Amino acid sequence: SSVVILAQNSQTKVADKLFKELSYAKAVKEYKKDAGEKTSKHVLQRIGDSYYYMANLKESYVWYAKLDKNYKITSPEYMFRYAQTLRAIGNYTDSALWMKKFNGAKQNDIRGKDFVENEEKLSLLETPNEGINIKNVESINTKESDFGVTIYNSQLLYSSSAISKRYVERKHTWNNKNFLDVFTKEITNIDKKEDRKEFSKGLNTKYHESSLTFSPDNKTVYLTRNNFNNGNYKEDENGVNNLKIYRAEWKNGEWKNAKELPFSSDDYSIGHPTLTKDGKRLYFTSDMPGTIGQTDIFYVAVNGDGTYGDVQNLGIKVNTEGREMFPYIFDDNTLYFSSDGHFGLGGLDIFSSKIEDNIAQEPKNLGTPLNSKLDDFSFVIDATNQNGYLSSNRDGGKGSDDIYSFTAKEIVKPVIVKPCLQLLSGVVKNRKFKAPLPGSKLVITDANGIVVKEIETSNQNTTIDVSNLAKAVYFLKSLSTSQGGVLVFCGICSSAISSSYKASSLASSIRGD
């Protein structure tokens, strides 16, 4: 009733304002004041959402489970989120059921389609790649958030919310953690415990700095930073301080002249920059207008005169209705990124997509152990393509986000699921004498009668490869009606067929899955 709504608005006014401002840690505390035996749907949703946005999927599960128990989840987006949190606690069976519900409720959403089409491949993603060894970089990681590695000459640059002496009292309200600064460590001393060393006092400010990328000559750096210019902290109409990409120059032994890129805005965020090897294209993450999902990966041309081309969305091969972020472009033009929209193990998974002729190809999930059931992101590899780093909040870490190093015995290859080989093998025979009828014409048609494949038979068994047929029903028939032919064909894999029909009939159906 309207009375209930007014009461809810009054009781949660402070919490709702904090939630709208993305102050999720503080919002949770306020919402929990209204949580009890008869917690409202609104409060359960908001607490679950707050934990979800803070990447605490296990805690988010607790509140979404209460939401479903008390009110039944019917919103497609909450179906998806609940499925993600179920994966985070290892309940893949129920997660699969909710993903199927989600797909049924929102059939055009690529996240549901992707799951239904790839569900059977989950065991392959869960099987560890024995050629990859991964370990926690304990010398760097703290109980706070440590992530976002950049390899810069012989140094490892990373972002951390571990307490900085200058800003010990400063915390941002998203998750009540300290603001991020950029630190550096010599790669040769990667396992040695040392005091933290700031990368650049000229780049670090009172607020967030992270995700650096450098020009080929190392004289220009791009980084993510809060909307903070000349001491002026700006917010949008909702009270949100958005992220921007800044560009700084190396002059007289220090980084100077940090300026925001011209396509940054007070009204939306851009971040996570990564430059191609030649420095001519910049990829980044944004929720700007034109975004397909919650966050997408975009790119822009970097011109020789310091100007930029038009911002372009990378497209639907990579971007989904979910979150795509943390792009990293390797020297061979392979783009690595994290996503919760493509089929994966849970949370954010790391994917690779080859960029060919400036077009992103179908992404491939890197599988275990690079991915886990929680968030995995900020993937980078060195010039040998055999050593690298990633960030994760997986189980067993020291803090909320940890940095992991990995080595590969061979070039890191994504998990590519080979399609099941589907063959039809058999003969067309004379119906009366059972003699083979060589030269008979076989055709496969779709449900509308359109021919998608045809072949001429031989004296012996004729084999037809139907592996590449899309998921749909197809029909096999022979056109040798003049001699009263019959089909005697069988299939292996999921195209199992064993039937005899008049040659002019629709002999069998094939489901191309």
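Just so it is clear, the model here is predicted, and its values are computed rather than measured.

Describing the sheet that holds strand E3 (residues 155-160)
Then, in step 1: Strand order across the open sheet formed by 4 strands is E2-E3-E6-E7, with antiparallel pairing between neighbours. Edge positions in the sheet fall to strand E2 (146-152) and strand E7 (197-198), since each has one partner strand and no second.
Then, in step 2: Two strands pair when backbone bridges link them, and strand E6 (residues 181-186) and E7 are joined in this way by 2 bridges, in the antiparallel orientation. By the bridge assignment for E7, Phe183 is matched with Glu198.

Quick word on the pattern of salt bridges
Then, in step 1: Summed over all chains, the structure comprises 20 salt bridges.
Then, in step 2: Glu249 serves as the salt-bridge partner of Lys251, at 3.5 Å between the closest nitrogen and oxygen.
Then, in step 3: Judged by its relative accessible area of 41%, Lys251 falls in the partly exposed class.
Then, in step 4: Salt bridges linked by common partners bring Asp49, Glu77, Arg81, Lys106, Asp109 and Arg111 together as one network.

A closer look at the sheet that holds strand E24 (residues 387-392)
Then, in step 1: With antiparallel pairing, the 4 strands of this open sheet are ordered in space as E1-E25-E24-E23. Of all the strands in the sheet, just strand E1 (132-136) and strand E23 (376-381) have a single pairing partner and so form its edges. Across the sheet, the mean angle from the axis of one strand to that of its neighbour is 25 degrees, orientation sign disregarded.
Then, in step 2: Judged from the 4 bridges that link them, E23 and E24 form a sheet pairing that is antiparallel.

Here we look at the pairing of strand E20 (residues 349-356)
Then, in step 1: Counting buried positions over the 8 residues of E20 gives 6, a clear majority of the element.
Then, in step 2: The pairing of strand E19 (residues 334-339) with E20 spans 6 bridges and is antiparallel. Looking at the pairing, Phe337 lines up with Phe351 of E20.
Then, in step 3: Direction of pairing for E20 relative to strand E22 (residues 364-365): antiparallel, over a ladder of 2 bridges. Bridge pairing in E22 links Ser352 to Lys364.
Then, in step 4: Across 2 bridges, E20 lies against strand E21 (residues 359-360) in antiparallel orientation. Each residue of the ladder has a partner; that of Ile355, found in E21, is Ala360.

A word on empty space enclosed by the protein
Then, in step 1: Here the structure, examined in full by the defined rule, presents 2 cavities of 30 Å³ or more.
Then, in step 2: Its volume calculated, the largest cavity comes out at about 110 Å³.
Then, in step 3: In this structure, the largest cavity is lined by 17 residues; those nearest its centre are Gln84, Asp340, His342, Phe343 and Gly344.
Then, in step 4: Residue classes in the lining of the largest cavity are distributed as 5 nonpolar, 7 polar and 5 charged.

What about unusual backbone geometry?
Then, in step 1: Across the junction of Thr368 and Pro369, the peptide omega takes the value 10 degrees, indicating a cis bond.
Then, in step 2: Mapped onto the fold, Pro369 is located in the loop between E22 and E23.
Then, in step 3: Non-glycine residue Leu22 carries a positive phi angle of around 65 degrees.
Then, in step 4: Within the chain, Asn257 stands out as a residue other than glycine whose phi angle is a positive 60 degrees.
Then, in step 5: Given a relative accessible area of 42%, Asn257 falls into the partly exposed group.

Points about the environment of Pro216
Then, in step 1: In this structure, Pro216 sits in the loop between strand E8 (209-214) and strand E9 (220-226).
Then, in step 2: With residues near it in sequence (within four places) discarded, Pro216 still touches Lys277, Asp278 and Gly279.

A word on the packing of helix H5 (residues 57-71) against helix H6 (residues 76-88)
Then, in step 1: One way to put it is that H5 packs onto H6 with a least axis distance of 8 Å and a crossing angle of 130 degrees. Looking at the two axes, H5 sits oblique to H6. Relative to H6, the crossing made by H5 is left-handed. Together, Leu57, Lys58, Ser60, Tyr61, Tyr64, Ala65, Leu67 and Asp68 of H5 and Tyr78, Arg81, Tyr82, Gln84, Thr85, Leu86 and Ala88 of H6 make up the contact between the two elements.
Then, in step 2: Across the contact of H5 with H6, the residue classes break down as 9 nonpolar, 3 polar and 3 charged.

Notes on the nonpolar core
Then, in step 1: Counting 34 residues, the largest nonpolar core has Tyr31, Ile73 and Trp98 as the members making the most contacts within it.
Then, in step 2: When residues of this core are traced back to their parent elements, those giving at least two are helix H2 (13-20), helix H3 (24-32), helix H4 (41-53), H5, H6, helix H7 (92-105) and helix H9 (122-126).
Then, in step 3: The element best represented in this core is H6, accounting for 7 residues.
Then, in step 4: Sequence-distant contacts of Trp98, that is, excluding residues within four places in its chain, are made with Asp68, Ile73, Met79, Tyr82, Ala83 and Leu86.
Then, in step 5: If you look at the next biggest cluster of nonpolar residues, it comprises 23 residues, including Ile132, Leu156, Ile190 and Phe379.

Notes on the side chain of Thr85
Then, in step 1: Mapped onto the elements of the fold, Thr85 is located in helix H6.
Then, in step 2: The class of Thr85 is buried, set by a relative accessible area of 0%.
Then, in step 3: Only 2.8 Å separates the side chain of Thr85 from the backbone oxygen of Tyr82, close enough to count as a polar contact.
Then, in step 4: Sequence-distant contacts of Thr85, that is, excluding residues within four places in its chain, are made with Tyr52, Leu57, Ser60, Tyr61 and Tyr64.

Observations concerning the packing of aromatic side chains
Then, in step 1: Taken as a whole and assessed by the stated rule, the structure comprises 26 aromatic pairs.
Then, in step 2: Geometrically, the ring pair formed by Phe115 and Phe343 is tilted, given 5.7 Å between the ring centres and 50 degrees between the ring planes. A residue pair is termed long-range when its members are at least 10 positions apart, and Phe115 in helix H8 (residues 110-118) and Phe343 in the loop between E19 and E20 qualify at 228 residues. The same class applies to Phe115 as to Phe343, namely buried.
Then, in step 3: Aromatic pair Phe147 and Phe326: ring centres 6.5 Å apart, planes at 90 degrees, arrangement edge-to-face. A residue pair is termed long-range when its members are at least 10 positions apart, and Phe147 in strand E2 and Phe326 in strand E18 (residues 324-329) qualify at 179 residues.
Then, in step 4: The class for Phe147 is buried, based on a relative accessible area of 10%.
Then, in step 5: Through a chain of ring-to-ring contacts, the aromatic side chains of Phe19, Tyr24, Tyr31, Tyr52, Tyr53, Tyr64 and Tyr78 assemble into a single cluster.
Then, in step 6: Note that Arg111 overlies the ring of Phe80, its terminal NZ or CZ placed 4.2 Å from the centroid.
Then, in step 7: Positioned over the ring face of Tyr299 is Arg281, at 3.8 Å from the centre of the ring.

The rules behind the values
Residues numbered from 1 in each chain as written. Predicted model: local features only at pLDDT ≥ 70, side-chain atom pairs only at ≥ 80, totals over all residues. Heavy atoms only, no water. Pairing = 2+ DSSP bridges. Helix = DSSP H or I, 4+ residues; strand = E, 2+ residues; numbered from the N terminus. Salt bridge = Lys/Arg side-chain N within 4 Å of Asp/Glu carboxyl O. Buried < 20%, exposed > 50% of the residue type's maximum accessible area, 1.4 Å probe, protein only. Axes fitted to C-alpha atoms, helices over the stretch in contact; angles between N-to-C directions. 1 Å grid on protein atoms, 1.4 Å probe; cavity = no way out; pocket = protein on both sides within 12 Å on 5 of 7 lines; lining within 4 Å. Points joined across faces, edges and corners; volume = space filled by probe spheres on them. Nonpolar A, V, L, I, M, F, W, Y, C, P; charged D, E, K, R; others polar. Contact = heavy atoms within 4.5 Å. Parallel < 35°, antiparallel > 145°, perpendicular 65-115°, else oblique. Left-handed = near helix turned anticlockwise from the far one by under 90°. Core = buried A, V, L, I, M, F, W, Y, C linked by side-chain atoms within 4.5 Å. Polar contact = N/O pair within 3.5 Å; in protein donor to acceptor, adjacent residues only side chain to side chain. Phe/Tyr/Trp six-rings, centres within 6.5 Å; stacked < 30°, edge-to-face > 60°. Lys NZ or Arg CZ within 6 Å of the ring centre and 35° of its normal.

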